[in-house]
Amino acid sequence: MKRSFIFLFCLLIFSKALYADNNGSSNHYSHKGHIHKEFVKGEKFNINSDRLDSFANGLKQVQIAIVNVNGMVCDFCARGIEKSFSKDINLKKIDVDLSRGKVLLAYDLEKKISFDEIKKLIVENGQNVTDIKIIKL
Amino acid sequence: MTYLINRKNTKNSQRNLYFQSGINPEKTKNIFYGIHGDWETRRVFSGFSLKRTENGYKNYTDKFIQLGFAPYLGDYGDLHSWIMIKSKKNSFSNSWSTYPLLKFFKGDFLFELGFNNKTEWDAHLMYRF
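Here's what I pulled together on the structure shown here. All residue numbers refer to positions counted from 1 along the written sequence of the respective chain. Whichever chain is written first becomes A and whichever ligand is written first becomes 1, with later ones labelled in order. Totals for whole chains, interfaces and linings use all residues, but because this is a predicted model, local features are given only for residues with pLDDT of at least 70 and pairs of side-chain atoms are given and counted only at 80 or more. Just so you know, side-chain values use all the structure's heavy atoms and leave hydrogens and water out.

**Some words on the sheet that holds strand β8 (residues 109-116) of chain B**
All names here are of chain B. A pair of strands counts as paired when DSSP detects no fewer than two bridges linking them. Numbering of helices and strands runs from the N terminus, with a helix taken as a DSSP run of H or I at least four residues long and a strand as a DSSP run of E at least two residues long. Read from one edge of the open sheet, nine strands run β1-β2-β3-β4-β5-β6-β7-β8-β9, paired in antiparallel fashion. Edge positions in the sheet fall to β1 (2-9) and β9 (120-127), since each of these pairs with one other strand and no more. Pairwise comparison of adjacent strand axes, ignoring direction, gives a mean angle of 15° for this sheet. The axes are straight lines fitted to the C-alpha atoms, using for helices just the contacting stretch, and the angles between their N-to-C directions are given from 0 to 180°.

Shown next, in the form of C-alpha cells:
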C-alpha cells in the first residue's frame, strides 16, 4: 500500500508540472490572420472568421450563439455536446471548434437563447462555459 | 459505481479524479474500490488507476499508469490518433508490465490496442450512444 501512495504522489506531481506548463501558452492553437478579436465582458473573444463564414453559409433568419467552453480537449468527449444540443428542435446547425474551445449553435430567430440552458447542457457533458456571444443573421 | 471527486477544466486542459467501487449482490464479500484519474490536453495525456479487489480468499490490487501524446491535432470529426505507453502491475506479479498502445477515435467510435509479451493483446472498443 505504501508503494501505491508513492506511485500516486509521483503521478500528481507529474500532472501538476504538465498543467503549469500548459497554462503558459494558452493561445498556441491560434492562427494569425484568421482571428476576430471582439470583446465580451471585457475579455477578448477570438472568432475564426473563416470557420464562422463556413458555418453560416446557407443559413438565413437564424441567430448564432458562439459559446466559449473550457475543458473541451477531446473530440470523443465533445460528441456528447453535439448529441445533447441536437435534441432541441429549434437548433438548425452545430459546430465544435476544438482548437479554440468554441461551440457554434445556430437557432431559429424565435428561440430565446438561454445562457443557463446552454451552460447546463455543457456542464452535464463535463465541460464549463465561460462566456457566450450571439450574432443574428 | 463511479463518482467524480474532482474535475478541473481550463481552456486547454481537463483533469479528472474519480472514485470507483462495486459489490457483488450475491456475495457481499466480493467488492472492489479504487481511484482513477487523468489529465489531458489536446496534445498530451496522462492517466492512472489504482483498484483493490477483495473476495475473501484472494485479495489483490491492480494499478496502471498511462502516458501519451497526439502526433497531430485533428479537427472535430477527423480521425484522432494517440501514441501511448501503459505500465501496469497486479499485486500477484512482482514486476510492472510496460507496453505501447495506440488509440484512435473518430465520431462516436473509440478503439485502443496494445500488446506485450506477458498480457498479450490489450484491446478496447467503445461506442458513444
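Now that the structure has been shown, the text picks up again.
**A closer look at the environment of Val69 of chain A**
Residues and elements named next belong to chain A. Note on placement: Val69 falls in strand β3 (residues 62-70). For the pair Val69 and Ile122, spaced 53 residues apart in the sequence, the C-alpha separation amounts to 8.1 Å. Sequence-distant contacts of Val69, that is, excluding residues within four places in its chain, are made with Gly101, Val103, Ile122, Gln127 and Asn128. By definition in these notes, contact holds between two residues if any of their heavy atoms fall within 4.5 Å.

**Observations concerning the sheet that holds strand β4 (residues 91-97) of chain A**
Residues and elements named next belong to chain A. One open sheet accounts for four strands, arranged β4-β5-β3-β6; its pairing is antiparallel. Each of the sheet's edge strands pairs with one partner strand only, and the pair in question is β4 and β6 (128-136). With direction set aside, neighbouring strand axes in the sheet form an average angle of 15°. Sheet topology places β3 next to β6; eight bridges connect them, and they run antiparallel. By the bridge assignment for β6, Ile64 is matched with Ile135.

**A word on the packing of aromatic side chains**
Each aromatic pair joins two rings of Phe, Tyr and Trp (for Trp, the six-membered one) with centres within 6.5 Å, and gets the label stacked for planes under 30 degrees apart, edge-to-face for over 60, and tilted for any other angle. Considering all chains together, one arrives at six aromatic pairs over all chains under this definition. Taking the centre distance of 6.0 Å and the plane angle of 50° together, the rings of Phe76 of chain A and Phe105 of chain B count as tilted. Here Phe105 of chain B lies in strand β7 (residues 97-106) and Phe76 of chain A lies in helix α3 (residues 75-85), a pairing that spans two chains. The two residues Phe76 of chain A and Phe105 of chain B agree in class, both being buried. Measuring from centroid to centroid gives 4.8 Å for Phe109 of chain B and Tyr127 of chain B, while their planes differ by 55°, and the two rings are tilted. Residue Phe109 of chain B is found in strand β8, and its partner Tyr127 of chain B is found in strand β9; the two are separated by 18 residues along the sequence. Each residue is placed in one exposure class: buried if its accessible area under a 1.4 Å probe, protein chains only, is under 20% of its type's maximum, exposed if it is over 50%, and partly exposed if it falls in between. In this structure Tyr127 of chain B comes out as partly exposed when scored by relative accessible area, which is 36%. Sitting above the plane of the Phe64 of chain B ring, Lys86 of chain B keeps its charged end 4.5 Å from the centroid. Directly above the aromatic system of Phe76 of chain A lies the positively charged group of Arg128 of chain B, at a separation of 5.5 Å from the ring centroid. A ring is scored as having a charge over it whenever the NZ atom of a lysine or the CZ atom of an arginine sits within 6 Å of its centre and within 35 degrees of its normal.

**Considerations on helix α2 (residues 49-56) of chain A**
Residues and elements named next belong to chain A. Residues of α2 that are buried include every one of Ser49, Arg51, Leu52, Phe55 and Ala56, and no others. Summarising the axial view, the buried residues of α2 lie within an arc of 160°, below the 170-degree limit, and thus occupy one face. At the C-terminal side of α2, Gly58 shows a positive phi close to 90°. The arc under discussion is defined with respect to the helix axis, by the directions toward the C-beta atoms.

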